[in-house]
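The lines below spell out each chain.
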Amino acid sequence: MRSLWLLSIISVSLYAAIAVQVGDKFKDSGKCKACHSHIVKQWEESWHAKSHYDNDEYFQKTINYVARKNNRKSLNTIKIECAACHNPRISVTSTTAEYEAIASLKLDKDSAATKALKSDQISEGINCVVCHNIDQIHDELPDSKRGIHRVSWMKSGIMSGPYADAKSPYHKVEQRPFMDTNPNQLCFVCHANDTSEEGHRFTSMQTEFNSATKQCVDCHMGPRKVGVAATLRDANGKVHNRLIRDHSFKGAHTESMWQGALNVEAKKIANAIAVTISNPQPHSLPSGFGSREIVIDAHYMSGKKIIKTETFSLTSHYVNKRGKATVPHLAAKTISSVSIPALGSKTFTLPTAVGADSVSVIVSYRLVNDEVREMLELKDPIWSKKMVIKKLNLAL
Ligand code: HEC
Ligand code: HEC
Ligand code: HEC
Ligand code: HEC
Ligand code: HEC
């Protein structure tokens with residue numbers, strides 16, 4: 001009887017996300033600055049630092065849109081669902097039917113859910129104590145359990161890190177393989193797959209990943225370099241030299257990361273040009289979040305004058321239950337999806353223009369395609385900016 005009881009506690013604690021409060025000494029990155037200021041500065045520039053509802057226009061407007069179109073769930077419930085990966089130190093991890101009833105009458109002002117969403121504990125999004133306070137990653141759980149639902153936390157005040165011999169007067173430390181030899185396991189807690197409100201899996205980065213040698217951190221944190229993990233001096237007045245990585249997690253929002261990310265060739269064929277794009281990276285591009293886009297623009301020239309422009313878009317389009325265009329998180333179906341697979345290539349043909357003597361081919365990247373950007377009325381210019389991957393000229 002007792003063992004049965006124990007078993008049910010264990011399985012409940014494995015399958016339900018348990019929020020553990022972070023002590024005031026550790027809850028924000030400001031508390032780490034005295035000894036890790038260089039790391040805090042890099043992280044502040046990262047998009048992990050902007051993942052809170054208030055700090056990312058695209059994320060915020062998607063949540064508002066999903067809540068507006070979904071009359072079964074309140075805005076707060078959607079926010080809590082998304083927080084599983086975007087804000088995993090939230091203290092409420094799911095809501096009940098009773099909560100929805102109260103929320104629909106707008107009587108939830110003093111509820112635990114409303115307080116959790118307003119708490120300053122989560123205002124920094126994916127901060128230091130998201131990654132460095134993880135104790136275990138539960139890969140035995142179903143594939144769909146991600147973010148907060150896939151991890152268990154250390155006691156507040158213990159930091160998991162790459163070193164077995166680190167000592168800090170401010171916090172305890174524990175070494176973990178997902179901080180050292182197996183960091184993909186950490187990234188895949190959130191960057192693995194994502195499923196819409198209709199149960200449609202619109203992205204699956206973990207299944208498309210194809211590399212035995214390179215890890216996510218090798219490219220998105222850069223190689224390990226000699227530096228210091230902490231600037232605090234030891235009893236002999238010395239800092240420790242260590243192998244460290246950059247914490248700015250540069251990726252799709254950074255134009256310089258796109259330069260040369262894909263290889264592009266163009267050649268003339270009958271009445272058209274053939275543009276071949278090959279992808280040396282170990283995941284598809286575009287990839288990750290849905291509605292990203294790679295654009296091929298072919299400007300046909302007569303002398304120095306552009307006489308015609310042909311455009312081809314590599315992106316995904318989604319429809320809701322009624323077959324109308326929608327955002328990935330409300331998708332019942334993906335109706336089209338074009339990307340270049342990991343370590344693969346694809347060729348696209350674009351018709352030529354009569355009278356053209358050359359063509360300038362520009363391949364670039366956009367964070368959001370026209371369809372979704374217009375649907376959500378995104379204002380910040382970063383969402384429509386074309387970040388150049390490669391330019392080339394071809395005589396016709
Ligand atoms: C998205 C996850 C993530 C976040 C957020 C994060 N780190 Fe890290 N951190 C890592 C990983 C992974 C490593 C191991 C890097 C390696 O391979 O050496 C690491 C390593 C470190 C190290 C050891 C030195 C080094 O660079 O390898 C320190 C110290 C550290 N982090 C502090 C911080 C602080 C302070 C913050 C908040 C400002 C922070 N980290 C935010 C994932 C994260
Ligand atoms: C008073 C100074 C101090 C403060 C404040 C501080 N740390 Fe540290 N931390 C250290 C020292 C010292 C080390 C060990 C460095 C070494 O051995 O190279 C360390 C190591 C680490 C490591 C690596 C642990 C390992 O085993 O690999 C992580 C991760 C880390 N700190 C995170 C944090 C975070 C997050 C905060 C803020 C919540 C923080 N630290 C605040 C001094 C500090
Ligand atoms: C707790 C969940 C979580 C974990 C763990 C996590 N990420 Fe992220 N990551 C996110 C979310 C959410 C975003 C999107 C944030 C936004 O744009 O507002 C993101 C964004 C990124 C970006 C995009 C930056 C850009 O400019 O487009 C990169 C690169 C990235 N993460 C790399 C990593 C790597 C490498 C690891 C493993 C060391 C990791 N992440 C671990 C949730 C996570
Ligand atoms: C060999 C280097 C390399 C490795 C390894 C790698 N990436 Fe990338 N990744 C890139 C490049 C290059 C880009 C395109 C430019 C950019 O966004 O940084 C990219 C883009 C991305 C994007 C944005 C994709 C888009 O189309 O919007 C995400 C998200 C991402 N990577 C996450 C990851 C994760 C998670 C891993 C590990 C599973 C990983 N990457 C492993 C090089 C790499
Ligand atoms: C399984 C973990 C997970 C969940 C749950 C999740 N996301 Fe994300 N989301 C991510 C990751 C990882 C990225 C970064 C991937 C990339 O950059 O390609 C991201 C990126 C995004 C972006 C792009 C942000 C930018 O700055 O470009 C939007 C918008 C977004 N998510 C909306 C949502 C909404 C709305 C919800 C809830 C309905 C949600 N997400 C739930 C993991 C998740």
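No experiment lies behind these values; they were computed from the predicted model shown. Note that residues are indexed from 1 along each chain, following the sequence as it is written. Chain letters start at A and ligand numbers start at 1, both assigned in the order the entries are written. With pLDDT at 70 or above as the cut-off, local features in this predicted model cover only qualifying residues; side-chain atom pairs require 80 or more to be listed or tallied, and sums for whole chains, interfaces and linings still use all residues. As a convention, hydrogens and water are excluded, and side-chain values are obtained from all of the structure's heavy atoms.

Enquirer: Just to check I follow, could you spell out the coordination of the iron atom of ligand 4 for this structure?
Expert: Octahedral six-donor coordination of a metal ideally yields angles of 90 or 180 degrees, compared with 109.5 degrees for tetrahedral four-donor coordination. Because water is not among the atoms used, a metal site may look incomplete, as its donors are only the N, O and S atoms within 2.8 Å, or 3.2 Å for Na, K and Ca. Taken together, His220 (NE2) and His283 (NE2) make up the protein donors of the iron atom of ligand 4, found 2.0 to 2.1 Å from the metal. Geometry is assigned from donor-metal-donor angles: four donors are tetrahedral when every angle falls between 85 and 135 degrees, four are square planar and six octahedral when opposite donors sit over 155 degrees apart with all other angles between 65 and 115, and any other arrangement is irregular. In this structure, the iron atom of ligand 4 is surrounded by 6 donor atoms whose angles at the metal cover 86 to 179 degrees, and the resulting shape is octahedral. Of the two residues, His220 sits in helix α10 (residues 216-220) while His283 sits in the loop between β10 (272-278) and β11 (293-302), which places them 63 residues apart along the sequence. Given the relative accessible area of 15%, His283 is considered buried. The helix count covers DSSP runs of H or I at least four residues long, the strand count covers runs of E at least two residues long, and both are numbered beginning at the N terminus. Exposed residues in this analysis have more than 50% of their type's maximum accessible area, buried residues have under 20%, and partly exposed residues fall in between, with area computed by a 1.4 Å probe over protein chains only.

Enquirer: In this structure, what is going on with a nonpolar patch on the surface? I would like to understand it.
Expert: On the surface, Ile102, Leu105 and Leu107 cluster together into a nonpolar patch covering about 310 Å² of accessible area. You can see Ile102 is positioned in helix α5 (residues 97-104). Patch definition: residues above 30% relative accessible area lacking any salt bridge, with like charges linked at up to 9 Å and the nonpolar side chains Val, Leu, Ile, Met, Phe, Trp and Tyr linked at up to 5 Å. Accessible surface is estimated by sampling points in the Shrake-Rupley manner with a 1.4 Å probe; for residues, cover comes only from the protein chains shown. Definition used for salt bridges: Asp or Glu carboxyl oxygen within 4 Å of a side-chain nitrogen of Lys or Arg.

Enquirer: I keep staring at the pattern of salt bridges and nothing clicks. Help me out?
Expert: Between side chains of opposite charge, pairing is possible as soon as their charged atoms come close. For the coordinates displayed, the defined rule picks out 22 salt bridges. A salt bridge links Arg224 to Asp180; the nearest nitrogen and oxygen atoms lie 3.0 Å apart. One end of the pair, Arg224, is in the loop between α10 and β7 (225-227); the other, Asp180, is in the loop between β4 (172-175) and α8 (184-187), with 44 residues separating them in the sequence. The class of Arg224 is partly exposed, set by a relative accessible area of 35%. With a shortest N-O distance of 3.0 Å, Glu293 and Arg366 are connected by a salt bridge. Here Glu293 is found in strand β11, whereas its partner Arg366 is found in strand β16 (residues 358-366), with 73 residues between them in sequence. Given a relative accessible area of 10%, Arg366 falls into the buried group. Where salt bridges share partners, they join Glu293, Arg366, Asp370 and Arg373 into one cluster.

Enquirer: Would you take a moment to explain the site of ligand 1 for this structure?
Expert: By convention in these notes, a residue is near a molecule or strand provided one of its non-hydrogen atoms lies within 4 Å of it. Contacts to ligand 1 come from 22 residues, most closely from Cys128, Cys131, His132, Arg245 and His247. Polar contact is defined as a pair of N or O atoms within 3.5 Å, subject to the rule that within protein one atom must be able to donate a hydrogen and the other to accept it, and that residues adjacent in sequence are counted only when both atoms are side-chain atoms. Here His247 contributes a side-chain N or O atom positioned 2.9 Å from a nitrogen atom of ligand 1. Mapped by element, the contributors of at least two residues to the shell around ligand 1 are α2 (33-45) and α7 (128-131). At 4 residues, α2 tops the list of elements feeding residues into the shell around ligand 1. Note on residue classes: Ala, Val, Leu, Ile, Met, Phe, Trp, Tyr, Cys and Pro are nonpolar, Asp, Glu, Lys and Arg are charged, and everything else, Gly too, is polar. Looking at the shell around ligand 1, its residues break down into 15 nonpolar, 5 polar and 2 charged.

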